[in-house]
Amino acid sequence: MCQRYLMIVELKPGLQTQCKRVSILVSVSDNELTLKRKISEKLQAIGHQLAKDYVIHRTLDKALATGKLSIPAAQLVDLAQRYVDANTTAQLEQWQDSVLPSFNLDITAIYHAARLFDLISADKGMAQALHKVAAEHGNADAAFAFGLALMRGQLRAPNGPAEGTRIVRALSDGGHPMSQIVVAEIYLNANAYARRAQGIALLEQAAAKSPVASYKLGEIYRRSDVVARDMDQAREWHVRAAKAGIADSYFHLGTMLASGEGKKGASDLPGALRMYELGAAAGSVESQYNAGMCYLQGRGAAKNVDLAVEFLVLAAAARFPVALLNLGKLFVEGVEVPRDLRRGRNYLEIAKQCGGGADGFIGGEAEKVLEKHRHIKEMQCVIL
């Protein structure tokens, strides 16, 4: 009998849903087509609009999704229920003692399960309890997650923030990159110049293993008052981060090229568009929007409204307010694209919900466009 496992699928909120994630049982033998069918059936069952209204993101490692977690879903659910019972009866130590054998002594699997419960559960207690077990058996990532939760006061524990800081600092001293990033941020927020220099040095160490550190260094050299601005350094770090998978670095590289930062004011719009397209493909919503606007306005390439709409739809699927507003205007005005009142109004209504900034500017603009074109349907009805 084929074992079944729990896969968590996160949905970038589509145009007709507030659902954020769903859980689906999958088998080790499931191929990509079968997984897509199961996802589609699950979305239909919860009333999620299908087709182009959503983008699926698996939130856990592919190994977890394809059944390499060493505990089946039913056993995982049982573990969760026993945690609830133990928490109620103050028998957490006994529950923690049962975790290791439940996972067949697989410490990495305990860490993955902790990540899973952190994702799907409003109560983070079980996730942190699993992190603690994995940390006590040498998993540095679990120790970091547990220490960070203590540090931020997310767990009730005696001297929690101080103990969490101690854990994270110790991991940083041992070369754990995410811990180095957290400690670096503490140093960078200090007033003392020497501390800030230590922060930069720690980020540079972390960057050897973590592209997140490269991204942070890129932004520090580009726009921070922590160090003297250095566009060449900013570009170098963002290039490293982008090549290592940080999609937003492509967006920053594109804006730097568009504005001529670091090149004596010389703007490179084709180069900027190339960066936006790379970022869009990697999942950067800002890059998707900027690529769409470049094609819509003919900046960096010949004007191409079809391509513009494709990129803007990607950003709109992530509920990016200004993309929703501009798509709505395109379709209700019907100048650049064939008029589609229903589609355009739908985008504008969602733009109103998203607001866009503390002042609600985007929402206000969406309402103005809706009001301006509200009469069109009534006129069409009279003609018909």
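Look a little higher up for the structure.
Peer 1: Describe unusual backbone geometry, with residues and values.
Peer 2: In most cases, non-glycine residues show a negative phi, while peptide bonds are predominantly trans. The backbone phi angle of Asn 104 is positive, close to 55°, even though this residue is not glycine. Mapping Asn 104 onto the fold places it in the loop between α4 (92-102) and α5 (107-120). Residue class for Asn 104 comes out exposed when judged on its relative accessible area of 54%. One non-glycine residue, Leu 105, adopts positive backbone phi at about 65°. Relative to the helices and strands, Leu 105 resides in the loop between α4 and α5. Owing to a relative accessible area of 61%, Leu 105 belongs among the exposed residues under this scheme.

Peer 1: Before we move on, can you summarise the nonpolar core with the specific residues and values?
Peer 2: Counting 42 residues, the largest nonpolar core has Val 309, Leu 312, Leu 327, Leu 330, Tyr 347 and Leu 348 as the members making the most contacts within it. Sequence-distant contacts of Val 309, that is, excluding residues within four places in its chain, are made with Leu 327, Leu 330, Phe 331 and Val 337. Within the second largest apolar cluster, 31 residues are counted, among which are Leu 148, Val 168, Leu 203 and Trp 237.

Peer 1: For the environment of Val 183, give the residues involved together with the corresponding values.
Peer 2: Mapping Val 183 onto the fold places it in helix α9 (residues 177-188). Relative accessible area serves as the criterion here: at 2%, Val 183 is assigned to the buried category. Through-space distance from the C-alpha of Val 183 to that of Val 168 is 7.5 Å; in sequence the pair is 15 residues apart. Val 183 has contacts with Val 168, Arg 169, Ser 172 and Leu 202, leaving out every residue within four places of it along the chain.

Peer 1: How would you explain the pattern of salt bridges if you had to name every residue and give the values?
Peer 2: Scanning all chains against the criterion turns up 11 salt bridges. Here Arg 222 ties to Glu 219 by a salt bridge, and the two come within 3.9 Å at their closest N and O atoms. Taken together, the residues span about one helical turn, with Arg 222 and Glu 219 both in helix α11 (residues 211-223) at a distance of 3 residues. The same class applies to Arg 222 and to Glu 219, which are both buried. Close ionic contact of Glu 219 with Arg 223 constitutes a salt bridge, the shortest N to O distance being 3.0 Å. In this pair, Glu 219 and Arg 223 are both assigned in helix α11, 4 residues apart and thus about one turn of the helix distant. Taken together, the shared-partner salt bridges connect Glu 219, Arg 222, Arg 223, Arg 229 and Glu 261 into one network.

Quick notes on the rules
Residues numbered from 1 in each chain as written. Predicted model: local features only at pLDDT ≥ 70, side-chain atom pairs only at ≥ 80, totals over all residues. Heavy atoms only, no water. Helix = DSSP H or I, 4+ residues; strand = E, 2+ residues; numbered from the N terminus. Buried < 20%, exposed > 50% of the residue type's maximum accessible area, 1.4 Å probe, protein only. Core = buried A, V, L, I, M, F, W, Y, C linked by side-chain atoms within 4.5 Å. Contact = heavy atoms within 4.5 Å. Salt bridge = Lys/Arg side-chain N within 4 Å of Asp/Glu carboxyl O.

So, to be careful, I would describe these as geometric facts and stop short of saying anything about function.
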